[in-house]
Amino acid sequence: LIEVDQVRLLTDPWYEGYCFNGGWGLRFKNEQAWKKAATATHLWISHYHGDHFHPPTLKKLLALNPDITVIGNNSYNFQMDDSLKKLGFKNVISFKERKAIRLNPDTEIIRYPTTGIDNMLVVRSKSGTVLNYNDCSLPVSTRKKLGRKIGKVDLFLSNFNHAGKLLLYPYPSDEEI
């Protein structure tokens, strides 16, 4: 939940259950997640993978927060806004690649696609710039070009998971985590 200038932007919620046909599950319970999600003014999902676009979580969020404004990615290779409407969300704004959307007079967002279906989100406000990098993977030269385009980032958020890592490396204990 990114909170800036009266905007409470929730991204990629997955709060319970499993995804990837039961292959991935959450290791920890976040008792405050639903309470905070219910206060969100906006929702953005970076891409269709189950740990980002999790229908059971989204349906429960819709029941808790039916008036939330949803920002639906509309890309060359997929249209997430249609899928969000099918889940029952009413306030869906179509979000094109590299086109800024103003969430309020002081806050705008713009998304940049990377490989496949992954997307990163830039949130600009009078409070600063947040880059939600998600599962994105870019070559160094591309990161440098994009960095010049985005400019100064005040808060960098990264969430990168890969199930294959569990096969290569022993999973750390709870104490190590």
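These numbers come from a predicted model, not from an experiment.

Draft legend 1. Main features of the pairing of strand S6 (residues 69-74). Where burial is concerned, most of S6 is hidden: 6 out of the 6 residues are buried. Residues of S6 alternate between two faces, with Thr69, Ile71 and Asn73 on one and Val70, Gly72 and Asn74 on the opposite face, all of them buried. Of the strand pairs in this sheet, strand S5 (residues 42-44) and S6 are connected by 3 bridges, and their pairing is parallel. Within S6, the position partnered with Trp44 by the bridge is Ile71. Following the backbone out of S5, through helix H2 (residues 55-64) and into the adjacent parallel S6, one traces a crossover that is right-handed. Handedness of the crossover joining S6 and strand S7 (residues 91-96) through helix H3 (residues 80-87): right-handed.

Draft legend 2. Just the side chain of Ser46, in detail. Following the sequence through the fold, Ser46 ends up in the loop between S5 and H2. Classification of Ser46 by relative accessible area gives buried; the value is 0%. In this structure the side chain of Ser46 is engaged in a polar contact, spanning 3.3 Å, whose partner is the side chain of His52. Residue contacts for Ser46: discarding those within four places in its chain leaves Asp12, His52, Asn73, Met80, Ile117, Asn119 and Asn134.

The rules behind each value
- Every chain is numbered on its own, with residues counted from 1 as its sequence reads.
- Reporting in this predicted model follows two pLDDT cut-offs: at least 70 for local features of residues, and 80 or more for side-chain atom pairs to be given and counted; totals over whole chains, interfaces and linings ignore these cut-offs and use all residues.
- With hydrogens and water stripped out, all remaining heavy atoms of the structure feed into the side-chain values.
- Note on exposure labels: buried denotes an accessible area under 20% of the residue type's maximum, exposed denotes more than 50%, and partly exposed covers the range between, all computed with a 1.4 Å probe on protein chains only.
- A run of DSSP states H or I qualifies as a helix once it reaches four residues; a run of E qualifies as a strand once it reaches two. Both are numbered from the N-terminal end.
- Note: two strands are recorded as paired if DSSP finds a minimum of 2 bridges between them.
- If the strands point away from the viewer and the path from the first strand over the helix to the second runs clockwise, then the crossover is right-handed.
- Within 3.5 Å is the distance limit for a polar contact, defined as a pair of N or O atoms, with the added protein rule that one can donate a hydrogen and the other accept it, and that residues adjacent in sequence qualify only through two side-chain atoms.
- We call two residues in contact when some of their heavy atoms are within 4.5 Å.

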